[in-house]
Amino acid sequence: MSGLRDIGPPLAVLGLAALLWHAAVVVFALPPYVLPPPAAVAAEAWRHAGELGAASALTGAAALAGLAASVVGGVLVAFVFAQSRLLARSLYPYAIFLQTVPIVAVAPLIILWFGTGFGSVVVVAFIVGVFPVIAGATAGFTSVERDLVDLFRVHGATRWQVFWKLRLPHAVPQLVTAAEVSGGLAVVGAIMGEVFAGYGAGARGLGYLVVVTAGQLKTAYLFAVVLAATGLGLVVFGALRLTGDAVCARWRDVA
Amino acid sequence: MTAVDALVAVERVDVAFARGGPALQGVTLRVAAGELVSVVGPSGCGKSTLLRVVAGLIPPSAGTVAVADRAAAIAMVFQQPALLPWRTVLRNVALPLELDGVRGPEGRARAAAMLAQVGLAAFADAYPAELSGGMRMRAAVARALVTRPRLLLMDEPFAAADEITRQRLHEELLGLRAAVGFTTLFVTHNVFEAVFLADRVVVLSARPGRVTAEVAVPLGRPRPPEVRGDAAFARLVGEVARALRAGGA
């Protein structure tokens, strides 16, 4: 990373967008509950900074728990898939189900089974985040070069040794990429979970704030919540990217 | 040599794949203990398949493969070095020991000794990506020899190397063989390489591979690099090349 050179252009775009945004509000004389000017959003964000911070922390915790569950669950499922092609072919369609199921439709079931609150939010984050891990880990486990598998077989390796010493480490780069994708999805999933199966007035996540501020037409505050949610996603993604780069430094491929 | 004396006895072996059809047809090949046999054949003739059958990685469709003392270790060197990029060179070389349950200081010491023997002692803690192509191949050979195998199977291991590196690797392989002592089945499509290394060259036809000729190489050992300039060497290369052409290469 080279500091200003990386950050400069996106910042310029942000400034330009804020300028256009402000101009649009003035030119079309939009009422603030439809589109508040950027300065009003900044002021609201500042005024509710404490609440936004606490909400981001709660949502972030749910997202990280969902991500952790996705990584563990996804790797376990992929481990099963890697054991036999027949097994993988029989089960893969049901894994895709996780990818395509509309959360709105299953939210009532999740509330029925897990109640409202943190647990359900994590479950939604997991459902949304697990598929990339399943797909990435399966690809990583099964794309090992034939020579490497033969090497292990010639030396009489057990199935377990082949998995533990070859397939799992071989899959690390794909796992890291999958975790990055899954981390972003888990944040979105946690916010969705809070909207559908969220908390009461006691515990307020970002999803709760979305529902409340939208309901009360506090549009400037809603914008501030959206900004906080985006920021949370960036922080999670950035942290995963940095960790992943550190982990993968050794995995540079050998020709 | 009868089938009983041989370390490797391949008897009338056919291999046919469900997809791709017959790869080998009626191949009989014996390798005596201590011998270095080269197998040459055109691309796609089933040379690699033959090695994989001997290694026990694929079963023959017909015929038998016997390796005396299979338990006393077969090792294989592939066309690519096939090193694990996340392990240091030392831990790559120690891998076969680890799979055998030899770990810790003993495994490391044996791997380090083998690395020294191929001249890579200084690179024990490097990662494969930090090595040149020739060094990677040396590491792969060290990994194969670390278990002290009786039989070393080599599948065009030096095909990707440049000519100068390749010749040096040939000389090193012969040196290691003299020092460590192992039987070798060496597959290649390079006639010069086949003759320079071998006691005997077995020529395979185009796919499906059949043995079309066997050429003994009475060049003596130790075999200095200058042998490559001798008239006897050139004659043998010519003989193998003719046999290859006759087999449809």
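Residues numbered from 1 in each chain as written. Chains lettered and ligands numbered in written order. Predicted model: local features only at pLDDT ≥ 70, side-chain atom pairs only at ≥ 80, totals over all residues. Heavy atoms only, no water.

Caption draft 1: Layout of the overall build of chain A. In terms of regular secondary structure, chain A is built from eleven helices and zero strands. In chain A, the succession of α and β elements from N to C terminus is α-α-α-α-α-α-α-α-α-α-α. Its C-alpha atoms put chain A at 75 × 50 × 30 Å along the principal axes. In chain A, the proportion of contacts linking residues at least 24 apart, taken out of those at least 6 apart, comes to 75%. The centroid of the 14 positive side-chain charges in chain A is displaced by 7 Å from the centroid of its 10 negative side-chain charges. (Helix = DSSP H or I, 4+ residues; strand = E, 2+ residues; numbered from the N terminus. Contact = heavy atoms within 4.5 Å. Lys, Arg positive; Asp, Glu negative; His and termini not counted. Charge placed at Lys NZ, Arg CZ, Asp CG, Glu CD.)

Caption draft 2: Fine view of unusual backbone geometry. Between B:Arg207 and the following residue, B:Pro208, the backbone shows a cis peptide bond with an omega angle of -5°. Secondary-structure assignment places B:Pro208 in the loop between β8 (200-204) and β9 (211-216). Cis geometry is found at the peptide bond from B:Arg221 to B:Pro222, where omega equals -10°. A positive phi angle, near 50°, is found at A:Ala29, a position not held by glycine. Its place among the elements puts A:Ala29 in the loop between α1 (4-27) and α2 (38-47). For A:Leu217, which is not glycine, the phi dihedral falls at a positive 55°. Classification of A:Leu217 as exposed rests on a relative accessible area of 54%. (Buried < 20%, exposed > 50% of the residue type's maximum accessible area, 1.4 Å probe, protein only.)

Caption draft 3: Just the interface of chain B and chain A, in detail. Facing 28 residues of chain B, the contacting portion of chain A comprises 21 residues. Summed over both partners, the interface of chain B with chain A comes to about 2300 Å²; 64% of that surface belongs to carbon and sulfur atoms. Its largest share of buried area at the contact with chain A, chain B owes to B:Leu57, B:Trp86 and B:Leu99, together 32% of the area lost on that side. At the boundary of chain B with chain A, the tally comes to two salt bridges. Between B:Glu98 and A:Lys165 there is a salt bridge, with the nearest N and O atoms lying 2.6 Å from each other. Here chain B is connected to chain A by four residue pairs in polar contact (both at pLDDT 80 or more). Counting only elements with at least two residues in the side of chain B that touches chain A, the list comes to β5 (74-77), α2 (89-99) and α4 (133-145) of chain B. Ranked by residue count, the leading element in the side of chain B that touches chain A is α2(B), at four residues. Residue classes in the side of chain B that touches chain A are distributed as 17 nonpolar, four polar and seven charged. (Buried area = accessible area lost by both parts, 1.4 Å probe. Salt bridge = Lys/Arg side-chain N within 4 Å of Asp/Glu carboxyl O. Polar contact = N/O pair within 3.5 Å; in protein donor to acceptor, adjacent residues only side chain to side chain. Nonpolar A, V, L, I, M, F, W, Y, C, P; charged D, E, K, R; others polar.)

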